[in-house]
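Next come the chains, spelled out residue by residue.
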Amino acid sequence: LKFLIIAALFSLLLLLLYSRVYPYLNFLRKLLGASRSMGQASAGSDARFHTAAPKPERKLVRCLSCGTWVPAERALAKGVGNAVYCSRECREKSADSNERKIAG
Ligand SMILES: [Zn+2]
């Protein structure tokens, strides 16, 4: 039971401390989130960045040819479905390989 009281006190202290250094933590988290969002661009974390980030809507799309993640505004769409490519080179390469598949 003693441990419970200590734990409760400790969490309270942590909460107090947390509210004190919140701006600092927020900044750190933004730094961490920037690198983490490369792997998993979840909608939940995006909503959190809406308030602070200067450019909130930065959707990442994956190049179908080489698999590189690129910003949606920089990606090239083929027009068919949601096929996107990082560069014209990749788009042409993909089209090329498709034709080869058909040819034999
Ligand atoms: Zn590519």
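Placed above this text is the structure.
Quick caveat, the model's predicted, so the values are computed rather than measured. (Residues numbered from 1 in each chain as written. Predicted model: local features only at pLDDT ≥ 70, side-chain atom pairs only at ≥ 80, totals over all residues. Heavy atoms only, no water.)

## Things to note about the overall build of the protein
Definition in use: Strands are runs of DSSP state E lasting at least two residues, helices are runs of H or I lasting at least four, and both sets are numbered from the N terminus onward. Note on classification: 1.4 Å probe, protein chains only; a residue is buried when its accessible area is under 20% of the maximum for its type, exposed when over 50%, partly exposed between these limits. Two residues qualify as a contact provided that any one of their heavy atoms is within 4.5 Å of a heavy atom in the partner residue. Here the accessible surface of atoms and residues is derived via Shrake-Rupley with a 1.4 Å probe, and residues count as covered only by protein chains that are part of the display.
What the protein contains, in helices and strands, is four helices and four strands. Each helix (α) and strand (β) of the protein, taken in turn from the N terminus, gives the series α-α-α-β-β-β-β-α. Counting all 104 residues of the protein, 12% fall into the buried class. Summarising the internal contacts of the protein: among those between residues at least 6 apart in sequence, 9% fall at separations of at least 24. When the accessible surface of the protein is summed, it comes to about 8,900 Å², and 62% of that surface belongs to carbon and sulfur atoms.

## A closer look at the pattern of salt bridges
Basically, it comes down to this: By salt bridge we mean one thing: a side-chain nitrogen of Lys or Arg within 4 Å of a carboxyl oxygen of Asp or Glu.
What the rule picks out here adds up to one salt bridge. Arg88 is the partner of Glu92 in a salt bridge, and the nearest nitrogen-oxygen pair spans 3.6 Å. Of the two residues, Glu92 and Arg88 both sit in helix 4 (residues 88-103), four residues apart, roughly one turn of that helix. Relative accessible area serves as the criterion here: at 48%, Glu92 is assigned to the partly exposed category.

## Quick notes on the side chain of Ser94
Put simply, the test is: Distance and chemistry together define a polar contact, namely a pair of N or O atoms within 3.5 Å, with one atom able to donate a hydrogen and the other to accept it when in protein, and with adjacent residues in sequence counting only for side-chain atoms on both sides.
Note that Ser94 resides in helix 4. Classification of Ser94 as buried rests on a relative accessible area of 12%. A polar atom in the side chain of Ser94 sits 3.0 Å from the side chain of Tyr85.

## Digging into the coordination of the zinc ion
Quick note on the threshold: Here the coordinating atoms are restricted to nitrogen, oxygen and sulfur within 2.8 Å of the metal centre, or 3.2 Å for Na, K and Ca, and because water is not among them the sites may look incomplete. Square planar and octahedral sites, with four and six donors, are those where opposite donors lie more than 155 degrees apart and all other angles lie between 65 and 115, tetrahedral sites have four donors with every angle between 85 and 135 degrees, and the rest are irregular.
The coordination sphere of the zinc ion, as far as protein atoms go, consists of Cys63 (SG), Cys66 (SG), Cys86 (SG) and Cys90 (SG), spread over 2.3 Å. Viewed at the metal, the four donor atoms of the zinc ion are separated by angles of 103 to 114°, and the geometry they form is tetrahedral. Written as a sequence motif, the donor arrangement for the zinc ion is C-x2-C-x19-C-x3-C. Placement of Cys66 in the loop between strand 1 (60-62) and strand 2 (69-71) and of Cys86 in the loop between strand 4 (84-85) and helix 4 is noted, with a sequence separation of 20 residues between them. Residue Cys66 is classed as partly exposed on the basis of its relative accessible area, which comes to 41%.

## So, the environment of Ala77
Its place among the elements puts Ala77 in strand 3 (residues 76-77). Apart from the residues lying within four places of it in its own chain, the contact partners of Ala77 are Ala83, Val84 and Arg91.

## With respect to a nonpolar patch on the surface
For clarity, the cut-off: Within this analysis, patches are made of residues with over 30% relative accessible area and no salt bridge. Like charges are joined at 9 Å or less; nonpolar side chains (Val, Leu, Ile, Met, Phe, Trp, Tyr) at 5 Å or less.
Together, Val21, Tyr24, Phe27, Leu28 and Leu31 give the surface a local cluster of nonpolar side chains, amounting to about 500 Å² of exposed area. The residue Val21 is located in the loop between helix 1 (2-20) and helix 2 (22-36) in this model.

Shape is all these values report; function is a separate question.
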